[in-house]
Amino acid sequence: MAHGKLHLDSRVIHGGQHPEPGTGAVMPPIFTSSTFIQESPGVHKGFEYSRSHNATRFAAERLIANIEGSALSDADDRTNGGFCFASGLAAIGTALELLDAGDSILCMDDVYGGTNRLLSRVRRRSQGLKVSFVDMTDLGKLEEAIRREKPKMIWVETPTNPTLKLVDLAAVAKAGKACGAVTVCDNTFATPMLQRPIEHGIDLVMHSTTKYLGGHSDTVGGALVTSDRALAEKLRFMQNAIGSVMGPFDAYLTLRGTKTLAVRMRRHCESAMRIAAWLERHPKVARVAYPGLASHPQHALAARQMRLEGAPAFGGMITMFLKGGIDESRRFLEHVRIFALAESLGGVESLIEHPAIMTHASVPADQRATLGISDSLVRLSVGIEHPDDLQADLEQALAKA
Ligand SMILES: Cc1ncc(COP(=O)(O)O)c(C=O)c1O
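Residues numbered from 1 in each chain as written. Predicted model: local features only at pLDDT ≥ 70, side-chain atom pairs only at ≥ 80, totals over all residues. Heavy atoms only, no water.

## Notes on the overall build of the protein
Stage number 1. Counting its regular elements, the protein contains 14 helices and 14 strands.
Stage number 2. For 401 residues, the compact-globule formula gives about 21 Å, and the C-alpha radius of gyration of the protein, at 21 Å, lands near that figure.
Stage number 3. Considering only C-alpha atoms, the protein reaches an extent of 75 × 50 × 35 Å along its principal axes.
Stage number 4. Sorting the 401 residues of the protein into buried and exposed places 56% on the buried side.
Stage number 5. Taking as baseline every contact in the protein between residues at least 6 positions apart, the subset at least 24 positions apart corresponds to 71%.
Stage number 6. When the accessible surface of the protein is split by element, carbon and sulfur atoms take 55% of a total near 16,000 Å².
Stage number 7. With 44 positive and 44 negative side-chain charges, the protein shows a separation of 1 Å between the mean positions of the two kinds. (Helix = DSSP H or I, 4+ residues; strand = E, 2+ residues; numbered from the N terminus. Rg over C-alpha atoms; globule rule 2.2 N^0.38 Å. Buried < 20%, exposed > 50% of the residue type's maximum accessible area, 1.4 Å probe, protein only. Contact = heavy atoms within 4.5 Å. Areas by Shrake-Rupley, 256 points an atom, 1.4 Å probe, with all protein chains shown as cover. Lys, Arg positive; Asp, Glu negative; His and termini not counted. Charge placed at Lys NZ, Arg CZ, Asp CG, Glu CD.)

## Section: unusual backbone geometry
Stage number 1. At the junction of T158 and P159, the peptide bond is cis and its omega measures out at -5° in the coordinates.
Stage number 2. Here P159 lies in the loop between β4 (153–157) and α6 (169–179).
Stage number 3. With an omega of 10°, the peptide bond between N161 and P162 qualifies as cis.
Stage number 4. Summarising the element assignment, P162 is placed in the loop between β4 and α6.
Stage number 5. Despite not being glycine, N80 shows a phi value in the positive range, around 55°.
Stage number 6. In this structure, N80 sits in the loop between α2 (55–67) and β1 (82–85).
Stage number 7. Using a relative accessible area of 1% as the deciding quantity, one classes N80 as buried.
Stage number 8. One non-glycine residue, S344, adopts positive backbone phi at about 85°.

## Some remarks on the domain arrangement of the protein
Stage number 1. If you check the domain split of the protein, you get domain 1 (8–258) and domain 2 (262–399).
Stage number 2. Counting residues at the interface gives 42 residues for domain 1, matched by 45 residues for domain 2.
Stage number 3. With both chains or domains summed, domain 1 and domain 2 bury close to 3,200 Å², and 57% of this area falls on carbon and sulfur atoms.
Stage number 4. It is L166, L194 and Y212 that lose the most area in domain 1 upon contact with domain 2, and together they represent 24% of the buried surface on that side.
Stage number 5. Between R304 and D168 there is a salt bridge, and its shortest N-O distance comes to 3.7 Å.
Stage number 6. For the pair domain 1 and domain 2, the interface holds 18 residue pairs in polar contact (both at pLDDT 80 or more).
Stage number 7. Of all the secondary structure elements, the ones that give two or more residues to the side of domain 1 that touches domain 2 are α1 (8–14), α4 (113–126), α6, α7 (191–194) and α9 (248–258). (Domains from an automatic or database assignment. Buried area = accessible area lost by both parts, 1.4 Å probe. Salt bridge = Lys/Arg side-chain N within 4 Å of Asp/Glu carboxyl O. Polar contact = N/O pair within 3.5 Å; in protein donor to acceptor, adjacent residues only side chain to side chain.)

Right, dumping it as structure tokens:
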């Protein structure tokens, strides 16, 4: 794989990239053609039909595979084990097709609401999957669920959306290997700048590229990465057979966004750390969950597992619990000016939302209550604006809560 030994800061720009062979263009063109000429039936330049082969998408796929640390070469797999999809959920849907009807899957109890909905309300019915949500912060519970359910797949997010719990990736990978289950990590929140699940032994990494990789809230997409040749072969077949591929315009935006991931993540992490520490002392705030705070129950694991160039770094997402309930949350959210009250995360602009009403409304109320996704919980995606402005914005909105 080209540029494999460079620092990540360089690989987000050059990883798996080659000048376009026809013209020497340094940045890949947006190839819009749906089909490609053949000299004779079956004789072509390696491109037949754009669902199967698109050079703009391939460039994005190779870049994401590179920064997630796939060891696959061009000889192993054309895009080095990276695959891009029309959305994060399309990537999840394709990964679930690795399972057979009736198989058992263990899923971390706190995950993005759409992941919960796809498993609980679609794949239980359409694929007969046996889905168990397990609090994998407790490895004893994971072991017990493995003995009981004999899973074929273990699905984790870390940090989780929205309560920012952590999962020990090396422990999950080990447990998955021991029972023969494919382990998958949704790495959307941490990004490969902070955490590369493949290095911990996880089989498959998933992203909503809509978030930090795209980085500008102007594209919807998803990705899967594996360093396992057999798994890559299955995914290449599935991606084409199911067809929920990323389009060339989105692939271009994803590629363009990912090139600045390293500089953006540094700022996201610095500003979020500062704002989390400030919020924790604010009289209107009951509690703050941020992996970088000493008060986070898994701070030690976070410092070990989430690192940027060798130093702990904890990402741009903060979860806060206001004093009060829905009225206080509503007043606070109605008064932010720089933070945009909107779903999604990971953009250059700061975003804020109310998971119980917005992103996690599809999680059943009893599950939300168990997880602590209450009316006072507000989720912040700290952008790369000046942190003084962000803090001032939260201060004036909190004054009105
Ligand atoms: C952690 C996580 N995974 C997956 C998804 C789904 O991705 P998409 O919205 O691109 O389908 C989201 C969306 O918010 C997410 O936050």
